[in-house]
Amino acid sequence: PETSPSTESATVATACASPKKPILRHRSPAELRSDRDWVSRGLRRKGRLVTFADALGLELEHVRRLVHHQQVPLLLPPSATKAPPRLAKTSTLVADFKLPDASKLAELVQRNKVCLKSVSVREESLHCRASVANLTFHKKVSVRYTTTNWTSHVDWAASYVASTPGGAVDEFAFTLVLVEAPRSLQMALRYETEDGRLFWDNNGGRNYSFRRVETTVQEDARLPCNSWLHWL
């Protein structure tokens, strides 16, 4: 049979139209009780029954939020992670004499013409300064020292450093490099003028004496460059 144009257009319009979305509505308590009873009867009859959450009055979706807790590393003080210091044995020289103060130094230079002014230890070197009376323009200043109680000795020349205001006193300096601190060291200063006069400073006949002392220090510890010698 032939289809009328109006009927055909209505059929096409119905086929092209998009399907309607279902409308969700909340079920009343009476409807929920009726559905539960119906589900219970179905379970008793057949043993198995597929149901949906909305039929039981439950939510259609369940959202679970997972919170990621970042683990913060435990901060420890530097002392807890630092290895204990390593100790090492070392030796140094200590002086068995005292140097004169400024007023006493000027008096000794005027009387003896030469006097030890300062002594310091820098790592493995012994640095000294001497003050001498400026008797002649050309002069020789040296130190005589021994580490064998005068069985043998060494003479070491000092170098000119500066003069005091007015030029009455000159200063000389010398350095003794010690590969290893000896058990003992004694020294005296020698001053010779251009006309052949000779003067000594031997600490009043006792010499300037040093002795070795063993100490324990950290391996990374360093003595300051201008550390002064220990005086006893």
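So, here is what we can say about the structure in this document. Not measured: the values here are computed from a predicted model.

### Details of the nonpolar core
Ranked by internal contacts, the top residues of the largest apolar core, which has 27 residues, are Leu 116, Phe 174, Met 187 and Phe 210. Counting only elements with at least two residues in this core, the list comes to β1 (87–95), β2 (114–122), β3 (125–133), β4 (139–146), β7 (169–177), β8 (184–193) and β10 (208–218). Residues within four places of Met 187 in sequence aside, it is in contact with Leu 116, Cys 128, Val 143, Arg 144, Tyr 145, Phe 174, Asn 207, Tyr 208 and Phe 210. Counting residues in hydrophobic clusters, the runner-up holds 6 residues, among them Leu 108, Val 109, Cys 115 and Val 169.

### A look at the pattern of salt bridges
Under the counting rule described, the total for this entry stands at 8 salt bridges. Residues Asp 195 and Arg 197 are paired through a salt bridge, measuring 3.2 Å at the closest nitrogen-oxygen approach. Taken together, the shared-partner salt bridges connect Lys 117, Arg 129 and Glu 171 into one network.

### Quick word on the packing of aromatic side chains
Two measures describe an aromatic ring pair: the distance that separates the ring centres and the angle between the ring planes. Evaluated as defined, the whole model comprises 4 aromatic pairs. Summarising the aromatic geometry, the rings of Phe 97 and Phe 210 are spaced 5.3 Å apart at their centres and angled 85 degrees between planes, so their arrangement reads as edge-to-face. With Phe 97 in the loop between β1 and α4 (102–112) and Phe 210 in strand β10, this residue pair connects regions lying 113 residues apart in the sequence. One exposure class covers both Phe 97 and Phe 210, and it is buried.

### Considering the environment of His 153
Along the chain, His 153 turns up in the loop between β4 and β5 (154–157). Under the relative-accessibility criterion, His 153 is labelled partly exposed at 42%. Along the backbone, His 153 and Gln 186 are 33 residues apart, and their C-alpha atoms lie at a distance of 9.4 Å. Here His 153 is in contact with Arg 144, Tyr 145 and Thr 146, once residues within four sequence places are set aside.

### With respect to the sheet that holds β3
In space, the 4 strands of this open sheet follow the order β2-β3-β7-β6, with antiparallel pairing throughout. Lying at the two open borders of the sheet, with one neighbouring strand each, are β2 and β6 (159–163). This sheet shows a mean twist of 25 degrees between the axes of neighbouring strands, independent of strand direction. The pairing of β2 with β3 spans 8 bridges and is classified as antiparallel. Within the sheet, the bridge partner assigned to Val 121 lies in β3 and is Leu 126. Where α4 meets the sheet, its contacts fall on β2, β3 and β7, and the angle it forms with β2 comes to roughly 130 degrees.

### Some points on the environment of Ser 184
As for its position among the elements, Ser 184 is in strand β8. When its relative accessible area of 30% is taken as the criterion, Ser 184 is described as partly exposed. Separated by 28 residues in the primary sequence, Ser 184 and Arg 212 place their C-alpha atoms 6.1 Å from one another. Filtering out sequence-adjacent residues up to four positions away, Ser 184 remains in contact with Thr 146, Thr 147, Phe 210 and Arg 211.

Conventions and cut-offs
Residues numbered from 1 in each chain as written. Predicted model: local features only at pLDDT ≥ 70, side-chain atom pairs only at ≥ 80, totals over all residues. Heavy atoms only, no water. Core = buried A, V, L, I, M, F, W, Y, C linked by side-chain atoms within 4.5 Å. Buried < 20%, exposed > 50% of the residue type's maximum accessible area, 1.4 Å probe, protein only. Helix = DSSP H or I, 4+ residues; strand = E, 2+ residues; numbered from the N terminus. Contact = heavy atoms within 4.5 Å. Salt bridge = Lys/Arg side-chain N within 4 Å of Asp/Glu carboxyl O. Phe/Tyr/Trp six-rings, centres within 6.5 Å; stacked < 30°, edge-to-face > 60°. Pairing = 2+ DSSP bridges. Axes fitted to C-alpha atoms, helices over the stretch in contact; angles between N-to-C directions.

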